Amino acid sequence: MNKYFQKFDIAGFWDDSDYFTSSGEITVERVLDAENKLGYKLPESYIQLIRTKNGGSSKKDCFPTTNPTSWAEDHIAISGIKGLGGAWGIDSDDLGNQHCIDEWGYPEIGIAVCECPSAGHDMVMLDYRKNGKSGEPEVVHVDVESDEPTITFLAKDFEAFIVGLVDVELFDLSE
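Residues numbered from 1 in each chain as written. Predicted model: local features only at pLDDT ≥ 70, side-chain atom pairs only at ≥ 80, totals over all residues. Heavy atoms only, no water.

On to unusual backbone geometry, then. One non-glycine residue with positive phi stands out, namely Phe-20, at about 75°. Topologically, Phe-20 is positioned in the segment before helix H1 (28-38). Assessed through its relative accessible area of 6%, Phe-20 is described here as buried. (Helix = DSSP H or I, 4+ residues; strand = E, 2+ residues; numbered from the N terminus. Buried < 20%, exposed > 50% of the residue type's maximum accessible area, 1.4 Å probe, protein only.)

Okay, structure coming up:
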């Protein structure tokens, strides 16, 4: 029995696009390989989500925040959730976590897990600073547009982040 997303429509979560989707099944071996490469234990809720689709875009793509970001005063937006493997996977040599740190200047606090519409200037990350590399990471928004990265807390864990995603229509985007 799955412990996560029990009162959540996970079947209706993903949109029809295959952008950000990696091929292949999520096996125990594949998860362990990614964890070894990244140096972090992946949250079980993340693993359960990507077993339904190995990365991709969600139907609801905004997360409310009370802290203004470079994106908006009251929310952040995501364009895709990274899976495992392929060009977009968190473990990818091309566009994965280490690429985000090396090429874009993201802090070494965890794993860059969600792309944002800014094409690399901000991202959603799993933040392991509080609970260690084997603990449950918090979810944060990281903006690298200023001299120092700006980190904004979003959710206590990955499941809370996913369940908290809302439709963009809830926000006033008239500016």
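On to the pairing of strand S7 (residues 150-155), then. Two strands pair when backbone bridges link them, and strand S6 (residues 138-143) and S7 are joined in this way by five bridges, in the antiparallel orientation. Bridged to Asp-143 within S7 is Thr-150. (Pairing = 2+ DSSP bridges.)

Of the residues making up helix H3 (residues 97-104), those classed as buried are Asn-97, Cys-100 and Ile-101. Buried residues in H3, looked at end-on, bunch into an arc of 95°, giving them a common side. Across H3 from its buried face, at more than 90 degrees, point the exposed residues Asp-102 and Glu-103. Its buried side turned inward, H3 meets H1, strand S4 (110-115) and strand S5 (122-127). Positive phi appears at Gly-105, one or two residues downstream of H3, with a value of about 80°. (Arc of directions from axis to C-beta. Contact = heavy atoms within 4.5 Å.)

The subject of this paragraph is the packing of aromatic side chains. Across all of its chains, the model carries 10 aromatic pairs by this definition. Relative to Phe-8, the ring of Phe-5 has its centre 5.7 Å away and its plane inclined at 40°; by these criteria the two rings are tilted. We classify Phe-5 as buried; its relative accessible area is 5%. Ring centres of Tyr-46 and Phe-158 lie 5.4 Å apart, and the angle between their planes is 80°; this geometry places the pair in the edge-to-face category. Here Tyr-46, found in helix H2 (residues 44-52), pairs with Phe-158, found in helix H4 (residues 158-164); they are 112 residues apart in sequence, far enough to count as distant. Given the relative accessible area of 0%, Tyr-46 is considered buried. Assessed through its relative accessible area of 0%, Phe-158 is described here as buried. (Phe/Tyr/Trp six-rings, centres within 6.5 Å; stacked < 30°, edge-to-face > 60°.)

Strand order in the open sheet made by the five strands is S3-S4-S5-S6-S7, with antiparallel pairing throughout. The open sheet is flanked by strand S3 (80-81) and S7, the only strands paired with a single partner. Sheet topology note: the S5/S6 ladder contains six bridges and is antiparallel. In the sheet register, Met-125 faces S6, and the bridge partner there is Val-140.

All right, on to the environment of Ser-70 then. Within the secondary structure, Ser-70 is located in the loop between strand S1 (62-64) and strand S2 (75-77). Under the relative-accessibility criterion, Ser-70 is labelled exposed at 53%. Taking the C-alpha atoms as reference points, Ser-70 and Thr-150, 80 residues apart in sequence, are found 9.4 Å from one another.

Membership of the largest hydrophobic core comes to 35 residues, with the highest contact counts inside it found for Leu-42, Tyr-46, Ile-81, Val-124, Phe-158 and Phe-161. Among the secondary structure elements, those contributing two or more residues to this core are H1, H2, S4, S5, S7 and H4. In terms of residues, this core owes the most to one element, H2, which gives four residues. Each residue touching Tyr-46, except ones within four places of it in the same chain, is listed here: Ile-81, Lys-82, Gly-83, Leu-84, Ile-90, Val-113 and Phe-158. Judged by nonpolar contacts, the second largest core, of 10 residues, contains Tyr-106, Met-123, Met-125 and Val-142. (Core = buried A, V, L, I, M, F, W, Y, C linked by side-chain atoms within 4.5 Å.)

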